Structure formats: structure tokens, C-alpha cells
Amino acid sequence: MIDATHQISGVRRWVGDRVLPAGQARVLTISQTYDAPVEDVWDACTNAERIPRWFLPISGELRLHGRYQFEGNAGGEVQRCDPPESFAATWEMGDQVSWIEVRLSPEPDGRTRFTLEHVAHVDDAIWDRFGPGAVGVGWDMGLVGLATYLHAGDGGDDNPAARGAEWAASAEGREFLVTVSRLWGEASVAAGTDPAQAAAAAQRTTEAYTGTPAG
């Protein structure tokens, strides 16, 4: 894994909302700049042979209107694909459907800014209990995987899910989870959530991810 402190500070996190035909939705946005050209980051995010090297095993058809499935996680349908700039897909877990969009933009120094937006209808009770970190912390872990992979290249870890779980259980990994959960709480406050409510939700999220009290 890469340096956790550097990773945490290199990621931007926002919380917002949007009105969809089905009603109000929550919007989480997470972004990081990678030391790799747009074409390489695009391929790492859309090539079925490379995605398991930093995220999870994936099956299905990674093409417009194709369906995909991450092993033990979400699946969905590719709704839009504009290489090498962006793609959008549904994000389906059980009977819950939300939407993701990934955008890549070149930086002046040859690096690439990766931005992921996750839009979901979230029950108010669940949102009040866990806040944006329930989803946001998971995406933070995904960005750690992508950063580690792009740094190491295809000669890197051949079992990122297992290594990621081991790292998350380490002292450094736990501190990472505690910190990013708190930062998602701060993003929630910036979006208008009461600070005490956001802090309590962040603590519950931390406990859910670490399996131990956050204090």
C-alpha cells in the first residue's frame, strides 16, 4: 500500500443532492490526481483484465449497454461510454439501484484527475445513522487500490482484495478508515448537516468498517 497520509490529503470529497425523476437523491463525489496519462487511467478503469488488479474480479460485458458484475459486490449496466473521458453505469446491489459516473481529465503536467460521482436515493433514517461515509469510505479504499496499482504497474499485487483487507485490519489501515470516515463527516457538515449529527454518524460508520469502537 502507498503512504496513507499522502493518500488521505490527495483526495477531495464532496456531498450534495440532486432532484431526479424519482425524487431527491444524495450525491457523493470523490476525486484524486494520478501520476499517469489519461489513456492509462482509462484502461485501468475499463479493462476487465486490469480492474481485478486494483479493485475486484469482474465479469460481464464492459461495453455500452452491457451488464457487469463485481464479485461479491455491485453489478449493473453501462449506460454511457465516452473514451477516454467518462463513463456512467448503474450500481445495483440487491433491489437497490444507484448510479455512478467516472470522469477523467488531463492535468497540465501529464497527470490525470479521476473523479467519481455516486448518486443514490438513500432512506433518511439510514443517512442520519451513517451519513455519506457508509459509501464514501468504500470509495476511498477503491482509490487507494487504484493509486497503489498505478504506482506499481502490472507487476504489482496479484490479489488486491486480500491485501487490501489485511491492510485495513492493520494499525495504519484502521487509522486510515477512522480518518476518512471523519473527513466524510466534515464533507457532510460542509453540505449543511448539523456537526454533532455528522460526527455521530461518522463514528458509527467507523465502527461498521473497523468492527471496533471508534474512540
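Refer to the structure printed above.
Scoring rules and cut-offs
The numbers attached to residues start from 1 for each chain and follow its sequence in the written order. Under the rules for a predicted model, residues below a pLDDT of 70 receive no local features and side-chain atom pairs below 80 are neither given nor counted, while totals for whole chains, interfaces and linings still include all residues. Only hydrogens and water are set aside; all other atoms, that is, all heavy atoms of the structure, feed into the side-chain values. A pair of strands is considered paired only if DSSP assigns at least 2 bridges between the two. Numbering goes from the N terminus for both helices and strands, where a helix is a DSSP run of H or I of at least four residues and a strand is a run of E of at least two. The definition of a nonpolar core used throughout is a set of buried Ala, Val, Leu, Ile, Met, Phe, Trp, Tyr and Cys residues joined through side-chain atoms within 4.5 Å. Buried, partly exposed and exposed residues are distinguished by accessible area as a fraction of the type maximum, computed with a 1.4 Å probe on protein chains only: under 20%, between the cut-offs, and over 50%, respectively. Contacts were defined at the residue level, with two residues in contact if any of their heavy atoms lie within 4.5 Å. Salt bridge, as applied in this entry: a Lys or Arg side-chain nitrogen positioned within 4 Å of an Asp or Glu carboxyl oxygen. A fitted line through C-alpha atoms serves as each axis, taken over the contacting stretch for helices, and the angle formed by two N-to-C directions is quoted from 0 to 180°. Polar contact is the term for a pair of N or O atoms within 3.5 Å; when the atoms are in protein, one must be able to donate a hydrogen and the other to accept it, and sequence-neighboring residues count only if both atoms are side-chain atoms. Stacked, tilted and edge-to-face are the three classes applied to pairs of Phe, Tyr and Trp rings, where Trp contributes its six-membered ring and a pair requires centres within 6.5 Å; stacked means planes under 30 degrees apart, edge-to-face means over 60, and tilted covers the rest.

Caption draft 1: Focus on the pairing of strand E7 (residues 96-106). Pairing between strand E6 (residues 86-93) and E7: eight bridges, direction antiparallel. Its bridge partner being in E7, serine 86 is matched across the sheet by arginine 103. Strand direction decides the pairing type here: E7 and strand E8 (residues 112-120), joined by eight bridges, are antiparallel. The residue bridging serine 105 from the neighbouring strand is arginine 113, located in E8.

Caption draft 2: Inspection of the nonpolar core at higher detail. By size, the foremost hydrophobic cluster in this structure holds 46 residues, and its most contacted members are Phe55, Phe70, Trp91, Phe114, Leu146, Leu150 and Phe176. For this core, the element with the most residues is helix H4 (residues 133-152), which contributes eight residues. If we ignore the near neighbours within four places in the chain, the residues touching leucine 146 are Tyr34, Ala44, Cys45, Trp54 and Phe114.

Caption draft 3: Geometry of the pattern of salt bridges. By the definition in use, this model includes 12 salt bridges. Of the charged contacts, one joins arginine 18 and glutamate 117 as a salt bridge, the two residues approaching to 3.1 Å between their closest N and O atoms. A residue pair is termed long-range when its members are at least 10 positions apart, and arginine 18 in strand E1 (residues 11-20) and glutamate 117 in strand E8 qualify at 99 residues. Put simply, aspartate 82 and arginine 80 hold a salt bridge, and the shortest N to O gap is 2.9 Å. The exposure class assigned to aspartate 82 is partly exposed, which follows from its relative accessible area of 34%. Exposure remark for arginine 80: the relative accessible area of 27% places this residue in the partly exposed category.

Caption draft 4: The pairing of strand E5 (residues 75-82), seen in detail. Here three bridges tie strand E4 (residues 67-70) to E5, and the two strands are oriented antiparallel to one another. For arginine 67, the partnering residue across the bridge sits in E5 and is glutamate 77. In terms of strand pairing, E5 meets E6 through five bridges, oriented antiparallel. Residue pairing for E6: glycine 75 is matched across the bridge by glutamate 92. Taking the residues between adjacent antiparallel strands as the criterion, E5 and E6 are bridged by three residues.

Caption draft 5: Quick peek at the sheet that holds E4. Taken in spatial order, the eight strands line up as E1-E2-E8-E7-E6-E5-E4-E3 in an open sheet, and their pairing is antiparallel. Each edge of the open sheet is held by one strand with a lone partner, namely E1 and strand E3 (58-60). Between one strand axis and the next, the sheet turns through 25° on average, direction left out of account. Pairing of E3 with E4, which is carried by three bridges, proceeds in the antiparallel orientation. Bridged to glycine 60 within E4 is tyrosine 68. Helix H2 (residues 38-46) rests against E5, E6, E7 and E8 of the sheet, and its axis sits at about 160° to E7. Here helix H6 (residues 171-190) sits on the sheet in contact with E1 and strand E2 (23-34), set at roughly 45° to E1.

Caption draft 6: Expanded view of the environment of serine 98. Residue position: serine 98 is located in strand E7. Considering only alpha carbons, one finds serine 98 and glycine 142, 44 residues apart in sequence, at a separation of 17 Å. With sequence-adjacent residues up to four places away left out, serine 98 is seen in contact with Ala89, Thr90, Trp91, His118, Val119 and Ala120. Of the polar contacts made by the side chain of serine 98, one reaches the side chain of histidine 118; its length is 2.7 Å.

Caption draft 7: Spotlight on the packing of aromatic side chains. A complete count under the given rule lists nine aromatic pairs for this structure. Ring centres of tryptophan 91 and tryptophan 139 lie 5.1 Å apart, and the angle between their planes is 50°; on these two criteria the pair is classed as tilted. Separated by 48 residues along the polypeptide, tryptophan 91 in strand E6 and tryptophan 139 in helix H4 bring together distant segments of the chain.

Caption draft 8: Representation of unusual backbone geometry. Residue proline 84 follows proline 83 across a cis peptide bond; omega there is -5°. Along the chain, the position of proline 84 falls in the loop between E5 and E6. A positive phi angle, near 70°, is found at histidine 65, a position not held by glycine.

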